[in-house]
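Here is what each chain is made of, one letter per residue.
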Amino acid sequence: LAGALTALTAWLSRPLASFHLVLAICGLLTVLGIVMVLSASSVESVASGSSPYSVFSKHMMFVCLGMVAFYAGLRLPLAVIRRFAPALMFVAVGLLVLVLTPLGSEQGGTQGWLKFGGFQLQPVEVAKIALALWGAHILVLKSRYTSSWRQLLVPLVPVSLVMFALVIAQPDLGGAVSLGIVLVALLWFAGAPRGLFAGMIAGGTIGVVALALMSDYRLARVLSFLSPGSDASGAGYQANQALYALADGGLFGVGLGQGGSKWRYLPNVQHDFIFALIGEELGFVGCFVVIGLFAGLAIVGLRIATRNVDPWISI
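What comes next concerns the included structure. (Residues numbered from 1 in each chain as written. Predicted model: local features only at pLDDT ≥ 70, side-chain atom pairs only at ≥ 80, totals over all residues. Heavy atoms only, no water.)

Comments concerning helix α10 (residues 194–214)
A turn of α-helix holds 3.6 residues, and therefore any two residues three or four places apart point the same way. The end-to-end C-alpha separation of α10 is 31 Å, in line with the 30 Å expected for 21 residues at 1.5 Å each. All buried positions along α10 are accounted for by Phe197, Leu211 and Ala212. An end-on view of α10 places all buried positions within 100° of arc, on one side of the element. More than 90 degrees from the buried face of α10, the exposed residues found are Gly195, Ala198, Ile206, Leu213 and Met214. Elements that come into contact with the buried residues of α10 comprise α8 (156–168), α9 (173–189) and α11 (216–226). (Helix = DSSP H or I, 4+ residues; strand = E, 2+ residues; numbered from the N terminus. Expected span 1.5 Å × (residues − 1). Buried < 20%, exposed > 50% of the residue type's maximum accessible area, 1.4 Å probe, protein only. Arc of directions from axis to C-beta. Contact = heavy atoms within 4.5 Å.)

Things to note about the layout of surface pockets
The gaps left among the atoms become clear once a water-sized probe is rolled over them. Considering only enclosed or pocket space, the second largest pocket measures out at about 430 Å³ in volume. Around the second largest pocket, the lining comprises 19 residues; the ones closest to its centre are Phe164, Ala176, Gly180, Met200 and Gly204. Mapped by element, the contributors of at least two residues to the lining of the second largest pocket are α8, α9 and α10. In terms of residues, the lining of the second largest pocket owes the most to one element, α10, which gives 8 residues. (1 Å grid on protein atoms, 1.4 Å probe; cavity = no way out; pocket = protein on both sides within 12 Å on 5 of 7 lines; lining within 4 Å. Points joined across faces, edges and corners; volume = space filled by probe spheres on them.)

Let's talk about the packing of aromatic side chains
This model, assessed by the stated rule, comprises 2 aromatic pairs. When the ring centre of Trp188 is taken as origin, the NZ or CZ atom of Arg194, which lies over that ring, is 4.0 Å away. (Phe/Tyr/Trp six-rings, centres within 6.5 Å; stacked < 30°, edge-to-face > 60°. Lys NZ or Arg CZ within 6 Å of the ring centre and 35° of its normal.)

Examining the sheet that holds strand β3 (residues 119–121)
Strand order in the open sheet formed by 3 strands is β1-β2-β3, and the pairing between neighbours is antiparallel. Each end of this open sheet is capped by a strand with a single partner; those strands are β1 (104–107) and β3. Each neighbouring strand pair of the sheet contributes to a mean axis angle of 45°, computed without reference to strand direction. Alignment of β1 against strand β2 (residues 110–116), held across 4 bridges, turns out to be antiparallel. (Pairing = 2+ DSSP bridges. Axes fitted to C-alpha atoms, helices over the stretch in contact; angles between N-to-C directions.)

Details of the environment of Ser160
Counting through the fold element by element, Ser160 comes out in helix α8. The class for Ser160 is buried, based on a relative accessible area of 0%. Between the C-alpha atoms of Ser160 and Leu114, which are 46 residues apart in sequence, the distance is 21 Å. When sequence neighbours within four positions are dropped, the list of residues in contact with Ser160 reads Leu131 and Leu183.

Quick word on unusual backbone geometry
The linkage connecting Val154 with the following residue, Pro155, adopts the cis geometry, with an omega of 10°. Along the chain, the position of Pro155 falls in the loop between α7 (149–152) and α8. The omega angle of the peptide bond from Gln170 to Pro171 is -5°, so this bond is cis rather than trans. Here Pro171 is to be found in the loop between α8 and α9. With phi around 60°, Asn268 is a residue other than glycine that occupies positive phi space. Among the secondary structure elements, Asn268 is positioned in the loop between α12 (237–249) and α13 (274–307). Under the relative-accessibility criterion, Asn268 is labelled partly exposed at 41%.

Considerations on the environment of Lys128
Topologically, Lys128 is positioned in helix α6 (residues 123–143). Sequence separation of Lys128 and Met89 is 39 residues, and the distance between their C-alpha atoms is 9.4 Å. Once residues lying within four places of it in the same chain are set aside, the contact partners of Lys128 are Ser178, Leu179 and Val182.

Observations regarding the pattern of salt bridges
The tally for this structure, following the rule as stated, stands at 2 salt bridges. Two residues, Lys128 and Glu125, come together in a salt bridge whose shortest N-O distance is 3.3 Å. Within this pair, Lys128 and its partner Glu125 are both found in helix α6, separated by 3 residues, close to a single helical turn. Assessed through its relative accessible area of 22%, Lys128 is described here as partly exposed. (Salt bridge = Lys/Arg side-chain N within 4 Å of Asp/Glu carboxyl O.)

With respect to the nonpolar core
If you look at the biggest cluster of nonpolar residues, it comprises 28 residues, and the most contacted ones within it are Leu131, Leu156, Met163, Leu179, Leu186 and Leu187. Of all the secondary structure elements, the ones that give two or more residues to this core are α5 (85–98), α6, α8 and α9. Those residues within four positions of Leu186 in sequence are excluded, and the remaining contacts are Leu131, Ala132, Gly135, Ala136, Leu139, Leu156 and Ile315. Of all hydrophobic cores here, the second largest spans 12 residues; its members include Ala242, Ala245, Ala276 and Leu277. (Core = buried A, V, L, I, M, F, W, Y, C linked by side-chain atoms within 4.5 Å.)

A closer look at the pairing of β2
Sheet topology note: the β2/β3 ladder contains 3 bridges and is antiparallel. Its bridge partner being in β3, Lys115 is matched across the sheet by Gln120. Hairpin connection from β2 to β3: 2 residues lie between these consecutive antiparallel strands, with Gly117 at a positive phi of about 65°.

Structure (structure tokens):
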């Protein structure tokens, strides 16, 4: 055991160890995702009159596009990526405006998609990456010229608030919360005063609560989350069905492809609720592996950030 720990420590100390870990973790998550999307979507695809592989083939297309983007990002010098961060931010804000025009497509009560033929794009996903790259660029750039955090917050916070407003106008509360997490993370790792976060978190919480109370469907979701059993056949139906699926899985699951929830018992099982199917088919062990892989990705990311001397890369 001591020899194995020594070998592991020696391997982790190598310059490319973190990169190899990122490759391994992302590869495992991608393969697991491919398998579970096929399992989750085949029934719904057939029920809608399509091929059992229709959703799966679209997923594979995005996996291939993701690999191309990954390779391009890998080959591009970091200086080039940073140089184009402001342009990407401009494009992201433009897409967020464009999606609110008649060119935007509505799904699930949210006008958050742009459609180009058979291709769909959700601009808020581009905005998350753009805010991270551009926000880090601004924080590093301005830190050279000022020691005042009030000046450092401009234009990062005002531009972020504009993005939040555009996303909420869709209305996409989840997307706005995700952007808020990116902003808070940027300021945290840039070393912002801790007192700043208390005000930001308090303001964000008040905003989320207010938005939840202003919309009937959001309020129903919050109430069903707090008490899923109170309306098991209505607002709490999806959450309850997900819990049943997880419970059926037990420790090792009912077997890959054998889950019953995908037979139209659990709405959106191939999308937002695929984790419930993972729990049903692969059990607690499968859920633990998935969460462990994401936790490992976060740990490796922090390891890379803390070891890098370039503050833009670290942030």
